[in-house]
Amino acid sequence: MSADTSSSAIGEVQGASLYDVDNPAPYIEAPRKRTSKTPRSTRGNFEMAAWLFMRLSGIVLVVLVIGHLLIQLVLDGGVSKIGFAFVAGRWASPFWQVWDLLMLWLAMLHGANGLRTVINDYAERANTRLWLKGLLYTATVFTILLGTLVIFTFDPNIR
Amino acid sequence: MATPTLEKVEAESAASPYITVTFRIRRFNPEVSDTAEWQDFQIEIDPKERVLDGLHKIKWDLDGTLTFRRSCAHGICGSDAMRINGKNRLACKTLIKDINPEKPITIEAIKGLTVMKDLVVDMEPFFQAYRDVMPFLVTKGNEPTRERRQSPEDRERFDDTTKCILCAACTSSCPVFWNDGQYFGPAAIVNAHRFIFDSRDEAGEQRLEILNDKDGVWRCRTTFNCTDACPRGIEVTKAIQEVKRALITRRF
Ligand code: HEM
Ligand code: SF4
Ligand code: FES
């Protein structure tokens, strides 16, 4: 290839050329590629269970979350009514305890699994994925345990 | 009446049908630079011609170094999928008049695959995923002496997914595939569907198990990009959901 044709091919970049026919630039690679060596690691039915869980928990969450928002923010005086006494009053009933417990577990697991999907999508390096997921799982377990503890050991007479 | 009169047709053909269109093409030549950049070409073209004709005009008359794949030029071989005005299409099936020739028409390589030069990408990972789903008839027992017969209803069951031409428009329009090329991608699932739902095939279970993989159908997020992109009009997303349903219901 003569200098002439390559200059008509690409125009301005020709002047700054570090590369030529014998010394081509690297191809513009896709982030991650499938090859014949891509491991065929079937992890049982975990992905299927996770997929199903997202849909089932989503359906239940519609009821739980919308109900929760209505009670907390809309009905009976709106958000201004919320205080220690209001929370204490609701958690006096096992029904609302179970409601909140279920919402805590489902929303946390649903959200955590959703973020796991996002991390799998966007974190390119295996190490980054490992760390982000470690952080995610730690935060999830911590929040679920702390929330559960509070719901079960809540003491309305605390000073 | 909408029927064109003879005078009208003559008047139209007397005026030149050609218009000036700008093709804005994302060029990459590793022998010159390590970055890709946009380059504009002005061409005279009949709006009833196709984007592929425009690329030919550029390659033959303006710049012979423009590199792209095409073979049949009639929407059958699946060589010339590219990203035209941000959507994956076949250059040979996209008419200029259908994509607003007033503005520059952007053309770039399909996304998520390694760009080798201009519009040419490395299709190997795409075909690897295709091979991984075993896209061939698997049967047990003796070879029949006659053809393997099938009722019209059984044939109809997978008719849609037999139309695939492996152009990669769907797979390279999928955001999950862009981010993580490990995902099998819509095209591989379409071609697995073609055999999973074929009454003559006996490896359906095996193929379902392959797609139950962590990079299999469960990564699909139902964005419908694949169905939008498919130049054959295959209901790609539906096929993927049918595989998911088969996986969930097969044992119950
Ligand atoms: C209100 C009812 C809800 C419904 C019906 C619902 C439904 C869903 C479904 C079906 C998915 C899976 C999407 C897919 O894989 O294609 C999903 C993903 C997700 N959900 Fe929910 N969800 C709800 C509430 C929540 C809540 C309360 C949270 C946060 C705690 C949350 C966080 C997420 C996240 C982070 C994802 C992943 C996003 C992604 O895949 O791109 N969702 N949701
Ligand atoms: S399903 Fe459609 S878009 Fe995908 S490879 Fe086949 S023909 Fe192309
Ligand atoms: S050139 Fe064959 S499909 Fe377009």
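Residues numbered from 1 in each chain as written. Chains lettered and ligands numbered in written order. Predicted model: local features only at pLDDT ≥ 70, side-chain atom pairs only at ≥ 80, totals over all residues. Heavy atoms only, no water.

**Looking at the site of ligand 1**
What counts is decided by this rule: We call a residue near a given molecule or strand whenever any one of its heavy atoms falls within 4 Å of it. Think of a polar contact as two N or O atoms within 3.5 Å of one another; within protein, one of them needs to be a possible hydrogen donor and the other a possible acceptor, and neighboring residues in sequence only count if both atoms come from side chains. For helices the rule is a DSSP run of H or I covering at least 4 residues; for strands it is a run of E covering at least 2, with both sets numbered from the N terminus onward.
In the neighbourhood of ligand 1, the contacting residues comprise A:Met54, A:Arg55, A:Gly58, A:Leu61, A:Val62, A:Ala107, A:His110, A:Gly111, A:Gly114, A:Leu115 and B:Arg221. Lying at an intersection of chains, ligand 1 is approached by residues of chains A and B. Contact between ligand 1 and A:His110: a nitrogen atom at 2.8 Å from a side-chain N or O atom of the residue. Here an oxygen atom of ligand 1 sits 2.9 Å away from a polar atom, N or O, in the side chain of B:Arg221. Of all the secondary-structure elements, those providing two or more residues to the shell around ligand 1 are helix 2 (46–74) and helix 4 (94–122) of chain A.

**A word on the sheet that holds strand 2 (residues 37–45) of chain B**
Residues and elements named next belong to chain B. Put simply, the test is: At least two bridges found by DSSP between two strands are what make those strands a pair. Lines fitted to C-alpha atoms define the axes, with helix axes restricted to the stretch in contact, and inter-axis angles between N-to-C directions lie between 0 and 180 degrees. We call two residues in contact when some of their heavy atoms are within 4.5 Å.
With mixed pairing, the five strands of this open sheet are ordered in space as 2-1-5-3-4. With one partner strand each, in any of the chains shown, strand 2 and strand 4 (87–90) form the two edges of the open sheet. The mean angle between the axes of side-by-side strands here comes to 35°, regardless of whether they run parallel or antiparallel. Examined bridge by bridge, strand 3 (residues 81–84) and strand 5 (residues 105–108) share two bridges and lie antiparallel to one another. Paired with Ile84 across the bridge in strand 5 is Ile107. The strands touched by helix 2 (residues 51–62) are strand 1 (19–27), strand 2, strand 3 and strand 5; relative to strand 2, the strand with the most contacts, the crossing angle is about 100°.

**Considerations on the site of ligand 2**
Residue and element names in this part refer to chain B. Note the threshold: Each cavity reported here is a set of points on a 1 Å grid over the protein atoms alone in which a 1.4 Å probe fits but cannot get out, each pocket an open set with protein on both sides within 12 Å along at least five of seven lines, and each lining residue one with an atom within 4 Å of a point. Molecule-in-pocket calls rest on the fraction of atoms, with more than half required to lie within 2 Å of the cavity or pocket grid points. In this classification, Asp, Glu, Lys and Arg are treated as charged, Ala, Val, Leu, Ile, Met, Phe, Trp, Tyr, Cys and Pro as nonpolar, and every other residue, Gly included, as polar.
Surrounding ligand 2, one finds 13 residues, the nearest of these being Cys164, Ile165, Cys167, Cys170 and Cys230. Because more than half of its atoms lie within 2 Å of the grid, ligand 2 is assigned to the second largest cavity. Looking at the shell around ligand 2 residue by residue, the class counts come to twelve nonpolar, no polar and one charged.

**Quick word on the coordination of the iron atom of ligand 1**
The condition is simple: As a rule, N, O and S atoms within 2.8 Å of a metal are its donors, except that Na, K and Ca use 3.2 Å; water is not among the atoms, so sites may look incomplete.
Protein coordination of the iron atom of ligand 1 is limited to a single donor, A:His110 (NE2), which sits 1.9 Å from the metal. Tracing the sequence through the fold places A:His110 in helix 4.

**Side note on the pairing of strand 1 of chain B**
Residue and element names in this part refer to chain B. Where strand 1 and strand 2 come together, nine bridges link them in antiparallel fashion. Along strand 2, the bridge assignment pairs Phe23 with Phe41. Bridge count between strand 1 and strand 5: three bridges; the pairing is parallel. When the bridges of strand 5 are listed, Ile25 appears paired with Ile107.

**Structural notes on the nonpolar core**
All names here are of chain B. Using the following cut-off: For our purposes a nonpolar core is just a set of buried Ala, Val, Leu, Ile, Met, Phe, Trp, Tyr and Cys residues, chained together by side-chain atoms within 4.5 Å. For each residue, the accessible area found with a 1.4 Å probe, counting protein chains only, is set against the maximum for its type, and the residue is called buried under 20%, exposed over 50%, and partly exposed in between.
Judged by nonpolar contacts, the single largest core of 76 residues is most densely connected at Phe23, Ile25, Val51, Leu55, Ile107 and Leu211. Sorting elements by how many residues they give to this core places helix 9 (residues 236–249) first, with seven residues. Beyond its immediate sequence surroundings of up to four residues, Phe23 is in contact with Gln39, Asp40, Phe41, Ile43, Val51, Gly54, Leu55, Ile58, Ile96, Ile105 and Ile107.

**A look at unusual backbone geometry**
All names here are of chain B. Even without being glycine, Ala168 reaches a positive phi, approximately 75°. Tracing the chain through its elements places Ala168 in the loop between helix 4 (152–157) and helix 5 (175–179). Using a relative accessible area of 2% as the deciding quantity, one classes Ala168 as buried. Located in the positive-phi region is Thr222, a residue other than glycine, with phi close to 55°. Relative to the helices and strands, Thr222 is located in the loop between helix 7 (204–211) and helix 8 (225–229). For Thr222, a relative accessible area of 31% gives the class partly exposed.

**Topic: the UniProt feature "transmembrane region" (unreviewed entry) in chain A**
Residues and elements named next belong to chain A. Heads up, the condition is: UniProt positions are given in the numbering used here, feature names are shortened, and annotations may be inferred rather than shown by experiment.
If you check UniProt for "transmembrane region" (unreviewed entry), the listed places come out as residues 50–75, 95–115 and 135–154 in our numbering. Here residues 50–75 is 96% helix and 0% strand, with 35 Å between the C-alpha atoms at its ends. Taken end to end, residues 135–154 is 95% helix and 0% strand, and its first and last C-alpha atoms sit 28 Å apart.

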